[in-house]
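Architecture at a glance
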Amino acid sequence: MSKVHFRFEDLKVYTKAIEYGELVNDTVEDFPQKEIYRLTSQFARAADSIALNIAEGSSSSDKNFTRYLGMSGDSAHECVAIITKAKLRNYINDDTNEKHRVALEELYKMITSLIRHLSQKK
């Protein structure tokens, strides 16, 4: 663990987003080789984008942070579409599909809750 700490690392939504990115990384290990530059890559980028946008926007104004959180939510929705594709292509089973959907629902709720909180601040 590093001695250097950034404030955004205290955000639970950031921690959950980091964890989700690692879940995706583990999941795509089982995707077929033909998807390496297609669905696999897109899934990893979309999942990582959730945490990256939270980190990037956290140090700016509430209005700008809200914009970045919106992009995080968009990336979460992109992950939903990707797991749907992965399920249809039989790359993941029902349990894995559900695990991702539950994690994404929780993340999205946390993101929208933080957006709501920031927009109510005066």
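Presented here is a report on the structure given in the accompanying data block. (Residues numbered from 1 in each chain as written. Predicted model: local features only at pLDDT ≥ 70, side-chain atom pairs only at ≥ 80, totals over all residues. Heavy atoms only, no water.)

Glancing now at the overall build of the chain. For the chain, the count of helices and strands is 4 helices and 0 strands. Overall, the chain shows an N-to-C arrangement of helices and strands of α-α-α-α. Expected size for 122 residues packed as a compact globule is a radius of gyration near 14 Å; at 15 Å, the chain falls within 12% of this value. Projecting the C-alpha coordinates of the chain onto the three principal axes gives extents of approximately 50 × 35 × 25 Å. For the chain, the proportion of its 122 residues judged to be buried stands at 39%. Pairs at least 24 residues apart make up 70% of the contacts formed inside the chain by residues separated by at least 6 positions. Across the chain, the centroid of the 18 positively charged side chains sits 6 Å from that of the 18 negatively charged ones. (Helix = DSSP H or I, 4+ residues; strand = E, 2+ residues; numbered from the N terminus. Rg over C-alpha atoms; globule rule 2.2 N^0.38 Å. Buried < 20%, exposed > 50% of the residue type's maximum accessible area, 1.4 Å probe, protein only. Contact = heavy atoms within 4.5 Å. Lys, Arg positive; Asp, Glu negative; His and termini not counted. Charge placed at Lys NZ, Arg CZ, Asp CG, Glu CD.)

As for its position among the elements, Asn 53 is in helix 2 (residues 39-57). Sequence-distant contacts of Asn 53, that is, excluding residues within four places in its chain, are made with Tyr 68, Met 71, Ser 72 and Ser 75.

With that out of the way, let us pick up helix 4 (residues 94-120). Between its first and last C-alpha, helix 4 extends 39 Å over 27 residues, near the 39 Å set by a 1.5 Å rise per residue. Where helix 4 is concerned, the buried positions are Asn 97, His 100, Ala 103, Leu 104, Leu 107, Met 110, Ile 111, Leu 114 and Leu 118. The elements touched by buried residues of helix 4 are helix 1 (12-28), helix 2 and helix 3 (62-88). Capping of helix 4 at its N-terminal end is provided by Asn 93; its side-chain oxygen lies 3.1 Å from the backbone amide nitrogen of Asp 95. (Expected span 1.5 Å × (residues − 1). Polar contact = N/O pair within 3.5 Å; in protein donor to acceptor, adjacent residues only side chain to side chain.)

In this section: the side chain of His 100. By secondary structure assignment, the location of His 100 is in helix 4. Residue contacts for His 100: discarding those within four places in its chain leaves Tyr 20, Leu 23, Val 24, Thr 27, Phe 43 and Ile 83.

Bringing the nonpolar core into the picture now. Core analysis: the biggest nonpolar cluster contains 33 residues, and Tyr 20, Phe 31, Phe 43, Ile 50, Ile 54 and Cys 79 have the highest contact counts within it. Mapped onto this core, the elements with two or more residues apiece are helix 1, helix 2, helix 3 and helix 4. Per-element accounting of this core gives the leading share, 8 residues, to helix 2. The residues touching Phe 43, leaving out its near neighbours within four places in the chain, are Tyr 20, Val 24, Val 28, Phe 31, Cys 79, Ile 82, Ile 83 and His 100. (Core = buried A, V, L, I, M, F, W, Y, C linked by side-chain atoms within 4.5 Å.)

Right, let's get into unusual backbone geometry. Of note in this structure, Asn 90 is not a glycine but carries a positive phi near 65°. With a relative accessible area of 64%, Asn 90 lands in the exposed category.

For the rest of this paragraph, the subject is the environment of Ser 75. Positionally, Ser 75 belongs in helix 3. Ignoring any residue separated from it by four or fewer positions in sequence, one finds Ser 75 in contact with Ala 46, Ser 49, Ile 50 and Asn 53.

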